[in-house]
Amino acid sequence: MANENATETGTGSVGWRFKLGIALFVLAFLLWLFIPLAAVIGLPASKIAALTGTIFIANKLLLLAVIGVMGKAGFQQLKGMLFGYAGKLAPDAIVSSTRYRIGLVMFCLPLISGWLEPYVDTLAPGLRPNLWQLQLLGDLMLVASFFVLGGNFWAKVRALFVRTAVVTDPGDAAPT
């Protein structure tokens, strides 16, 4: 009974504040759809650039408003819902060596390609096709590589940014 009362008054995590926070969260990302719409209706590039800057700032302000409206507990619940689902897609189990090699190629190929593009364009103009579809394919390949490599790979990448992280390999353990 107390839990139902808390939800009706909006003090629970599924109250009006949580729902308003989700609406603001969705709005923050839907605003980006105005940029291609502005290009389709033929706005000048200077106005599209101004619109992009305005949307960028509005997006950040709306995300701050989401945190303010939902509160810490509501925002933690939203974060858990979003990242909890993504976490289930990338298993923590150790993946096979073939899957790991394929994932590493999927991870490294877009990074190396993006790194080399300016040099190839400078040294051999016109050699590389400038197709947005290929660039989108590289971006999707990079994102998909995290799911192919499994959850342990994300822990390895995260460890790069932890100063005190130490590499331990169970295969290197001395027999006892």
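The rules behind each value
- Residues numbered from 1 in each chain as written.
- Predicted model: local features only at pLDDT ≥ 70, side-chain atom pairs only at ≥ 80, totals over all residues.
- Heavy atoms only, no water.
- Helix = DSSP H or I, 4+ residues; strand = E, 2+ residues; numbered from the N terminus.
- Buried < 20%, exposed > 50% of the residue type's maximum accessible area, 1.4 Å probe, protein only.
- Polar contact = N/O pair within 3.5 Å; in protein donor to acceptor, adjacent residues only side chain to side chain.
- Contact = heavy atoms within 4.5 Å.
- Core = buried A, V, L, I, M, F, W, Y, C linked by side-chain atoms within 4.5 Å.
- Phe/Tyr/Trp six-rings, centres within 6.5 Å; stacked < 30°, edge-to-face > 60°.

*Asks:* Talk me through the side chain of N59; I want residue IDs and the actual numbers.
*Replies:* Residue placement: N59 occurs in helix α4 (residues 45–89). With relative accessibility at 3%, the residue N59 sits in the buried group. Looking at N59, its side chain comes within polar contact range of the main-chain oxygen of A28, at 2.7 Å. Among all residues touching N59, those that are not within four sequence positions of it are A28, F29 and W32.

*Asks:* An account of the nonpolar core is requested, with residue identities and associated values reported.
*Replies:* With 13 residues, the main nonpolar core has L62, V66, M70 and L78 as its most contacted residues. Elements with a contribution of two residues or more to this core: α2 (16–30), α3 (34–40) and α4. If one sorts the elements of this core by residue count, α4 sits on top with 6 residues. Among all residues touching L78, those that are not within four sequence positions of it are F18, I22, F25, V66 and M70.

*Asks:* Tell me about the packing of aromatic side chains, and please be specific about residues and values.
*Replies:* Across all of its chains, the model carries 6 aromatic pairs by this definition. Geometrically, the ring pair formed by F107 and F153 is edge-to-face, given 5.2 Å between the ring centres and 75 degrees between the ring planes. Taken together, the residues F107 in helix α5 (residues 97–123) and F153 in helix α7 (residues 151–159) connect sequence positions 46 residues apart. Classification of F107 as buried rests on a relative accessible area of 17%. For the pair F146 and F153, a centre-to-centre distance of 6.1 Å together with 45 degrees between the ring planes defines the contact as tilted. Judged by relative accessible area, which is 24%, F146 ranks as partly exposed.

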